[in-house]
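# Analysis of the macromolecular model
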Amino acid sequence: MIFDMTTSSLLQHWVIFCRVVDNHGDLGVCWRLAAQLAMRGKQVTLYVDDDSALQWMAPDGCEGVKVLAWPNDNAVLAPYAPADVVIEAFGCELPPTFQAAMAAWPKAPVWINLEYFSAE
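Small disclaimer: the values here were computed from a predicted structure and weren't measured. (Residues numbered from 1 in each chain as written. Predicted model: local features only at pLDDT ≥ 70, side-chain atom pairs only at ≥ 80, totals over all residues. Heavy atoms only, no water.)

## Quick look at the overall build of the protein chain
From N to C terminus, the protein chain includes three helices and five strands. Element order for the protein chain, N to C, with α for helix and β for strand: β-α-β-α-β-β-α-β. Within the span of the protein chain, comprising 120 residues, buried residues form 39% of the whole. Of the contacts formed within the protein chain by residues at least 6 apart in sequence, a portion of 63% connects residues at least 24 apart. (Helix = DSSP H or I, 4+ residues; strand = E, 2+ residues; numbered from the N terminus. Buried < 20%, exposed > 50% of the residue type's maximum accessible area, 1.4 Å probe, protein only. Contact = heavy atoms within 4.5 Å.)

## A few points about the sheet that holds strand 3 (residues 65–69)
In space, the five strands of this open sheet follow the order 3-2-1-4-5, with parallel pairing throughout. Here the strands that pair on one side only, and so sit at the sheet edges, are strand 3 and strand 5 (110–114). Between one strand axis and the next, the sheet turns through 20° on average, direction left out of account. Examined bridge by bridge, strand 2 (residues 43–48) and strand 3 share five bridges and lie parallel to one another. For Val48, the partnering residue across the bridge sits in strand 3 and is Ala69. Contacts from helix 1 (residues 25–39) reach strand 1 (13–18), strand 2, strand 3, strand 4 (85–89) and strand 5, with the element oriented near 175° to strand 1. (Pairing = 2+ DSSP bridges. Axes fitted to C-alpha atoms, helices over the stretch in contact; angles between N-to-C directions.)

## What about the side chain of Asp26?
Looking at where Asp26 falls in the secondary structure, it is placed in helix 1. Arg32 is the oppositely charged side chain nearest to the buried, salt-bridge-free Asp26, at an N-O distance of 9.1 Å. Here Asp26 is in contact with Cys18, Arg19, Val21, Phe90 and Tyr116, once residues within four sequence places are set aside. (Lys, Arg positive; Asp, Glu negative; His and termini not counted. Salt bridge = Lys/Arg side-chain N within 4 Å of Asp/Glu carboxyl O.)

Here it is in structure tokens:
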């Protein structure tokens, strides 16, 4: 039997990190993933460095998805809420403060590096 992380009641809080590099395709993929997880009852926090495209991409937002600004890489360790799953999307690197917070959580999260191939 294959374990489906999206339906597990044990993995409730998901965090997705996304940087907009040269277009809004990365943000579109991350937004769709966040919205689909929320529709399955997950709590999702999406950290993004440029959320301007969400004004036309998802003007009404999505219940269960919280969009936050990308954390300052030089910030003092913030009290990040422990997550069950952390997704580092498309080559962005997690901020050092977030990595330090993850190391301090009582339970290590599932850490996923999401990548894709293109025909370019």
